[in-house]
Amino acid sequence: MHGDPFWICSDHDDDCRKAIGSPLTVWVGYRPAQFRLLTGAPKKFSRTRGVLRTFCADCGTSIAYFDQGLPEELYLTIGFFDHPERFAPQAHAYWDMKLPWVEFGDDLPRVGRYSRRRDPAVGNPADR
């Protein structure tokens, strides 16, 4: 990665939960031009039309999330980083889908659904 991320968010939605295998994930947002994978070729899969996810073919670590509705945004999972402590979330997204037993004592903003505005021509993943 080159430069700082533009957005870091705890994500509680069910699609990501199923794809990642965790009650939530933290997405670290960069512009695609800021990211270059130095080795390997990630495997790709999609659970939702217009959304592409990647993971390491060797160890299974989730790497990234691409959404056609956010063409200038690339999201990397917090577990992909060697030093995840550097990336504190700025908000909670999909708070409405948070599992009831997951509790937070922070005062971060809680966004009911999408925390990023998508291209209206493509729409939101849940509507595709």
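Note that the coordinates shown come from a computational prediction; the quantities given were computed from them, not determined experimentally.

Colleague: Give me the lowdown on the overall build of the chain, citing residues and values where you can.
Modeller: Of the regular secondary structure elements, the chain holds one helix and seven strands. Listed N to C, the secondary structure of the chain is β-α-β-β-β-β-β-β in terms of helices and strands. At 14 Å, the chain has a C-alpha radius of gyration in line with the 14 Å of a compact globule built from 128 residues. C-alpha atoms of the chain, sized along the principal axes, occupy 40 × 35 × 25 Å. Between the centroid of the 17 positive side chains of the chain and the centroid of its 17 negative side chains there is a distance of 5 Å.

Colleague: Give a detailed account of the packing of aromatic side chains, specifying residues and quantitative values.
Modeller: Remark: the centre distance and the inter-plane angle together describe each pair of aromatic rings, the angle taken between the planes. Inspection of every chain in the model, using the stated rule, returns nine aromatic pairs. Between Phe 80 and Phe 81, the aromatic rings sit 6.1 Å apart at their centres with planes inclined by 75°, giving edge-to-face as the arrangement. Members of the aromatic cluster, connected to one another through ring pairs, are Phe 6, Trp 27, Tyr 65 and Tyr 75. Here Lys 98 stacks its cationic end above the ring of Trp 95, 5.1 Å away from the centre of that ring.

Colleague: Describe in detail the environment of Tyr 114, supporting the description with residues and values.
Modeller: Considering the arrangement of structural elements, one finds Tyr 114 in the segment after strand S7 (91-93). As for Tyr 114 and Asn 124, which are separated by ten residues in sequence, their C-alpha atoms are 8.3 Å apart. In terms of polar contacts, Tyr 114 uses its side chain to reach the side chain of Tyr 94, at 3.3 Å.

Colleague: Now, about the pairing of strand S4 (residues 51-55): what can you tell me, with residues and values included?
Modeller: Bridge analysis of strand S3 (residues 43-45) against S4 gives three bridges, and the strand direction is antiparallel. Of the residues in S4, the one forming a bridge with Phe 45 is Arg 53. Turn length for the S3-S4 hairpin, with the two strands adjacent in sequence and antiparallel, is five residues, and the turn residue Gly 50 shows positive phi of about 85°. Here S4 hands over to strand S5 (residues 62-67) after six residues, with Gly 60 in that stretch at a positive phi of 85°.

Colleague: Tell me about the sheet that holds S5, and name the residues and values.
Modeller: With mixed pairing, the seven strands of this open sheet are ordered in space as S3-S4-S5-S6-S2-S1-S7. With one partner strand each, in any of the chains shown, S3 and S7 form the two edges of the open sheet. With direction set aside, neighbouring strand axes in the sheet form an average angle of 30°. Judged from the five bridges that link them, S4 and S5 form a sheet pairing that is antiparallel. Bridging across to S5, Arg 53 finds its partner in Tyr 65.

Colleague: Break down the pattern of salt bridges for me, with residues and values.
Modeller: Pairs may arise between side chains of opposite charge once their charged atoms sit close together. A full pass over the atoms with the stated rule returns six salt bridges. Between Asp 15 and Arg 47 there is a salt bridge, with the nearest N and O atoms lying 3.1 Å from each other. Remark: Arg 47 occurs in the loop between S3 and S4 and Asp 15 occurs in helix H1 (residues 14-20); sequence separation between them is 32 residues. Note that Arg 110 is salt-bridged to Asp 106, the shortest N-O span being 2.7 Å. Residue classification places Asp 106 among the partly exposed residues on the basis of a relative accessible area of 28%. When salt bridges that share partners are traced, they join Asp 15, Arg 47 and Arg 53 into one network.

Conventions used here
Residues numbered from 1 in each chain as written. Predicted model: local features only at pLDDT ≥ 70, side-chain atom pairs only at ≥ 80, totals over all residues. Heavy atoms only, no water. Helix = DSSP H or I, 4+ residues; strand = E, 2+ residues; numbered from the N terminus. Rg over C-alpha atoms; globule rule 2.2 N^0.38 Å. Lys, Arg positive; Asp, Glu negative; His and termini not counted. Charge placed at Lys NZ, Arg CZ, Asp CG, Glu CD. Phe/Tyr/Trp six-rings, centres within 6.5 Å; stacked < 30°, edge-to-face > 60°. Lys NZ or Arg CZ within 6 Å of the ring centre and 35° of its normal. Polar contact = N/O pair within 3.5 Å; in protein donor to acceptor, adjacent residues only side chain to side chain. Pairing = 2+ DSSP bridges. Axes fitted to C-alpha atoms, helices over the stretch in contact; angles between N-to-C directions. Salt bridge = Lys/Arg side-chain N within 4 Å of Asp/Glu carboxyl O. Buried < 20%, exposed > 50% of the residue type's maximum accessible area, 1.4 Å probe, protein only.

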